[in-house]
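# Overview (structure and organization)
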Amino acid sequence: MTLSLTLILPRERAQLAAALAPYFFEIAPTAPMNPDDRAEQVLHRKDVTAFWINNGGSRIGFAIVLNLPEDRRELSEFAIFPKHRRQGLGYQAAQILLQEFPGRWRMGLSANSKQAAAFWGTCLSGMPGVRDLREGAPFSKHQIKSYTFDIAGPNND
């Protein structure tokens, strides 16, 4: 099977909201997040790019990227659906996504998801092209920490 990313289209708002609901419950169960509102916002902001993560013909997760000025990006949301976890697919999806957008990145890690903290620490420290990886303070009260790092372009590896 081949892993790929496809853009989430505005007409897929309901599917994105359905995917966001269990994700929000997992990462911040007490936060007042509305999946319908978030899906609407994500799909209509010019500074956000949302992707389905596909394995062959099946959706196995999603990624939401906030495009910041000066070639900087924030990985706002990233999820592999539970039945597809622990198969190396998250690492592959993260590598495809990050390599697609060289430059400076940041991400916050949910305080509720110890698995995500372990995943991203291992994933980023071993991924080709990741440079200047730094751990920092969380961006919100629902996070435990953050990472900032650079992704080398195809000719800078």
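These numbers come from a predicted model, not from an experiment.

Here the focus is the packing of helix H1 (residues 13-27) against helix H2 (residues 35-44). For any two helices packed against each other, one specifies the crossing angle of their axes together with the interaxial distance. Taken N-terminus to C-terminus, the directions of H1 and H2 make an angle of 125°; their axes are 8 Å apart at the nearest point. As summarised for this structure, H1 and H2 are arranged oblique, according to the angle between their axes. Crossing of H1 over H2 shows right-handed handedness. Counted together, Arg 13, Leu 16, Ala 17, Leu 20, Ala 21 and Phe 24 of H1 and Pro 35, Asp 36, Arg 38, Ala 39, Glu 40, Val 42 and Leu 43 of H2 form the full contact between these two elements. In terms of residue class, the contact of H1 with H2 is made up of nine nonpolar, no polar and four charged.

Right, let's talk about the nonpolar core for a bit. Ranked by size, the top nonpolar core spans 27 residues in total, and within it Leu 75, Phe 78, Trp 120 and Phe 149 carry the most contacts. Of all the secondary structure elements, the ones that give two or more residues to this core are strand E2 (48-55), strand E3 (58-68), strand E4 (72-80), helix H3 (89-100), strand E5 (103-110), helix H4 (114-126) and strand E7 (143-151). Looking at this core, the element that brings in the most residues is H3, giving five residues.

On to the UniProt feature "domain: N-acetyltransferase" (unreviewed entry) in the protein, then. Following the UniProt record, the feature "domain: N-acetyltransferase" (unreviewed entry) maps to residues 7-150 here. Between the end C-alpha atoms of residues 7-150 the distance is 23 Å, and the span holds 35% helix and 36% strand.

In this structure, Arg 86 takes a positive phi of about 65° despite not being glycine. Phi angles above zero are rare outside glycine, and Asp 132 is one such case at about 55°.

Attention now moves to the layout of surface pockets. To find leftover empty space, one rolls a probe the size of a water molecule over the atoms. Size it by volume and the largest pocket reaches roughly 950 Å³. Around the largest pocket, the lining comprises 36 residues; the ones closest to its centre are Tyr 23, Ile 27, Phe 78, Ala 116 and Trp 120. At the level of elements, H1, E4, H3, E5 and H4 are the ones that each hand at least two residues to the lining of the largest pocket. Considering each element in turn, the lining of the largest pocket owes the most residues, seven residues, to E4. For the lining of the largest pocket, a count of residues per class yields 18 nonpolar, twelve polar and six charged.

Analysis parameters
- Residues numbered from 1 in each chain as written.
- Predicted model: local features only at pLDDT ≥ 70, side-chain atom pairs only at ≥ 80, totals over all residues.
- Heavy atoms only, no water.
- Axes fitted to C-alpha atoms, helices over the stretch in contact; angles between N-to-C directions.
- Helix = DSSP H or I, 4+ residues; strand = E, 2+ residues; numbered from the N terminus.
- Parallel < 35°, antiparallel > 145°, perpendicular 65-115°, else oblique.
- Left-handed = near helix turned anticlockwise from the far one by under 90°.
- Contact = heavy atoms within 4.5 Å.
- Nonpolar A, V, L, I, M, F, W, Y, C, P; charged D, E, K, R; others polar.
- Core = buried A, V, L, I, M, F, W, Y, C linked by side-chain atoms within 4.5 Å.
- Buried < 20%, exposed > 50% of the residue type's maximum accessible area, 1.4 Å probe, protein only.
- UniProt positions renumbered as here; feature names shortened; annotations may be inferred.
- 1 Å grid on protein atoms, 1.4 Å probe; cavity = no way out; pocket = protein on both sides within 12 Å on 5 of 7 lines; lining within 4 Å.
- Points joined across faces, edges and corners; volume = space filled by probe spheres on them.

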